[in-house]
Amino acid sequence: MARGARSGKAFRGLVGAGSSATTTREAKAAGKPSRPAHRTTRRSSRRAAPVADVHEPPLELAPDMAGDAPASDDSIASIVIRPTSTLYRARAAKRRRAVWHLPEHPVAPAAPPAWMLAECEVAAARAGEQAEILQLLTGLPHPPSKAEFHAIIDHPEHDAANRLVARLAGRIVGHVEVQPRTVLVGGTPLRGAVVDRVAVLPECRGAGHGQRLIRAAEARLTAVRAGVAFARTRVPGSFQDLGWTILGRDRATPGRPAEILARLLDAPPRDGEVVSMRQWRHVELPAILRIYGSNAGRFVGPAERGEVYSRWLVSRGGFDSLLVALVGQDRYDLHETTARIVGYCIQSGNRVLELLADPEFPGVERDLLARVCAEAIENDRQEILFEAAASDPLHDAVAGPEPSAAAGERMIVARLPDPAAVITALVGSMAPRLAAAGITDPVELGLDAAAGDGQPGFRGSIVIADGRVTLHTGRIGRSYLRLPPEELTRLVLGQSDPAEAAGRGAIVPSTQAAVRFASWLFPRMPLWCPMWDDVPA
């Protein structure tokens, strides 16, 4: 009984809650006075703990561990020992079914508050609103920096009234900017402007605030006497609904520098003098303007860059690198006496904003592009973005056999606030063009465009005889074209084929001669609005 008693004493604290008779018999076997049964029950109940999910087999003492205890009815046959403060319970594993929470009704978009749908008030921005306007413009895909935003004050034609804002309940909800500039149409300078930085708060879109901003900008175009206006946009349909004309795409082609360089090296080498390249010097700005002017005259849309305007572009800081190509001995001079600049390339990060060469040195553009790709490889740039006119052949060299359009491409839209002023400015170049084509017969073409969509119309005729050009407003003559305002814009800006437009019914000619005369007077010209003038700095 001694061994059995010691075993009972050792495991007394670990025994689960049992009957009072068992506890008393255990105490008698150990030769000690028994304890009340209720006391043992309370202790065991205090040691009970929450149920755990761990399953361990209970520890059992076999009968031979009871020592020399005689077999009797009061002896302990087995002891079940469990860890302190733990109870075990087997639980059947059940897999719960998935619950799908489906709405009973489709979720309807929340309607904007009534005050956001009210008609906004569009007026010129005030001096103390620069910070709020700059915060609004941060929502644009390419927002301007704070330095560029304030650099507009130094623009040669800056006017505070050219920045318009839409106010609603005392808060600025929209912005548009009118930038007057002289634009070139086939080498002819025209008084024009660019509508840029059109932005509306996201929570206020869909209430017509953007349309009111564009209408206010059109009124501003008339105030600054702009004959033609251009704009870049990713939503050309919105401008078209307001009477603007879609001219073409602002093309940007991505490419890998290593692949572009391999294609350029596989092409036949350029014939001519050896060209060296380096970063530009500020004294070389007149040479860069000379190359720009010799190329811009064959396009529609580029700005006429004078030295004052170009100095402002440089000081604005909208580029990172300006690479020049030279022929001859490179020395520091002011008038290109020892080396002539025959090309240049303007870059901003991985974007090629402008790449032009002297027409007397064909092929220099490919050398400049090869140098740009070599520097991109050295700087570990995986891609470059070539931005130029859609007719530029370098797009094919950049794109390769599988061309792909960039996600940031936008459409170029235009409007003629004063068609008569534009046609009057263009008639001066018509007689020399006809003489160069060998056309000596008299030419008379009438244009009849009715006003519509808030755009003024035009009715008049162009007469060319004996090398002289006259414009008669109010009469159209025998050979004329009847056309809508948007087709008049395409024709005047060299983006329309009169024969093709007549075939699809956009132009109604009175005679077949009218279509032929229109092709002579308004020939097709490539469209190009240089990105350097409008890129955010």
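Only a predicted model underlies this, so the values are computations on that prediction, with no experimental measurement involved.

Conventions used here
Residues numbered from 1 in each chain as written. Predicted model: local features only at pLDDT ≥ 70, side-chain atom pairs only at ≥ 80, totals over all residues. Heavy atoms only, no water. Pairing = 2+ DSSP bridges. Helix = DSSP H or I, 4+ residues; strand = E, 2+ residues; numbered from the N terminus. Axes fitted to C-alpha atoms, helices over the stretch in contact; angles between N-to-C directions. Contact = heavy atoms within 4.5 Å. Core = buried A, V, L, I, M, F, W, Y, C linked by side-chain atoms within 4.5 Å. Buried < 20%, exposed > 50% of the residue type's maximum accessible area, 1.4 Å probe, protein only. Phe/Tyr/Trp six-rings, centres within 6.5 Å; stacked < 30°, edge-to-face > 60°. Lys NZ or Arg CZ within 6 Å of the ring centre and 35° of its normal. Salt bridge = Lys/Arg side-chain N within 4 Å of Asp/Glu carboxyl O.

### Looking at the sheet that holds strand S12 (residues 275–279)
Across the sheet, which stays open at both edges, the six strands sit in the order S11-S17-S16-S15-S14-S12 with mixed pairing between neighbours. The sheet is open, and its two borders are formed by strand S11 (252–255) and S12, each paired with just one other strand. Within this sheet the neighbouring strands show an average axis-to-axis angle of 30°, counted without direction. One ladder, built from eight bridges, connects strand S14 (residues 321–328) with strand S15 (residues 339–348); its direction is antiparallel. Bridge pairing in S15 places Val 324 opposite Tyr 344. Along the sheet, helix H9 (residues 285–296) makes contact with S14, S15 and strand S16 (351–357), crossing S15 at roughly 80°.

### Some thoughts on the nonpolar core
Taken as a class, soluble globular proteins show a tendency for nonpolar side chains to be buried jointly. Within the largest apolar cluster, 43 residues are counted, with the highest numbers of intra-cluster contacts made by Phe 230, Leu 445, Leu 447, Leu 481, Leu 521 and Phe 522. Top contributing element to this core by residue count: helix H17 (residues 512–521), with five residues. With 35 residues, the next largest nonpolar core counts Ile 172, Ala 217, Leu 221 and Trp 244 among its residues.

### As for the packing of aromatic side chains
A complete count under the given rule lists six aromatic pairs for this structure. One aromatic cluster in this structure is built from Tyr 292, Phe 299 and Trp 528. When the ring centre of Tyr 292 is taken as reference, the NZ or CZ atom of Arg 305 above it lies at 3.9 Å.

### Overview of unusual backbone geometry
Positioned with a positive phi, Ala 169 is a non-glycine residue whose angle comes to about 55°. Counting through the fold element by element, Ala 169 comes out in the loop between strand S6 (163–168) and strand S7 (171–185). Residue Ala 169 is classed as exposed on the basis of its relative accessible area of 71%. The phi angle at Asp 380 is positive, at roughly 60°, despite the residue not being glycine. Residue class for Asp 380 comes out exposed when judged on its relative accessible area of 57%.

### Notes on the environment of Ala 287
Take Ala 287: it is sitting in helix H9. Here Ala 287 falls in the buried class, since its relative accessible area comes to 6%. Along the chain, Ala 287 and Val 324 lie 37 residues apart, while their C-alpha atoms are 9.8 Å from each other. Excluding its chain neighbours within four sequence positions, the residues that come into contact with Ala 287 are Glu 336 and Ile 341.

### Focus: the pattern of salt bridges
The full count for this structure, using the stated rule, is 31 salt bridges. One salt bridge connects Asp 196 with Arg 197, and the closest N-O pair in it is separated by 3.0 Å. Taken as a pair, Asp 196 and Arg 197 share a single burial class, namely buried. The residue Glu 500 makes a salt bridge to Arg 504 at a minimum N-O spacing of 3.0 Å. Given a relative accessible area of 42%, Glu 500 falls into the partly exposed group. For Arg 504, a relative accessible area of 48% puts it in the partly exposed group. What emerges from the salt-bridge pattern is a single network uniting Arg 181, Arg 232, Asp 250 and Asp 534.

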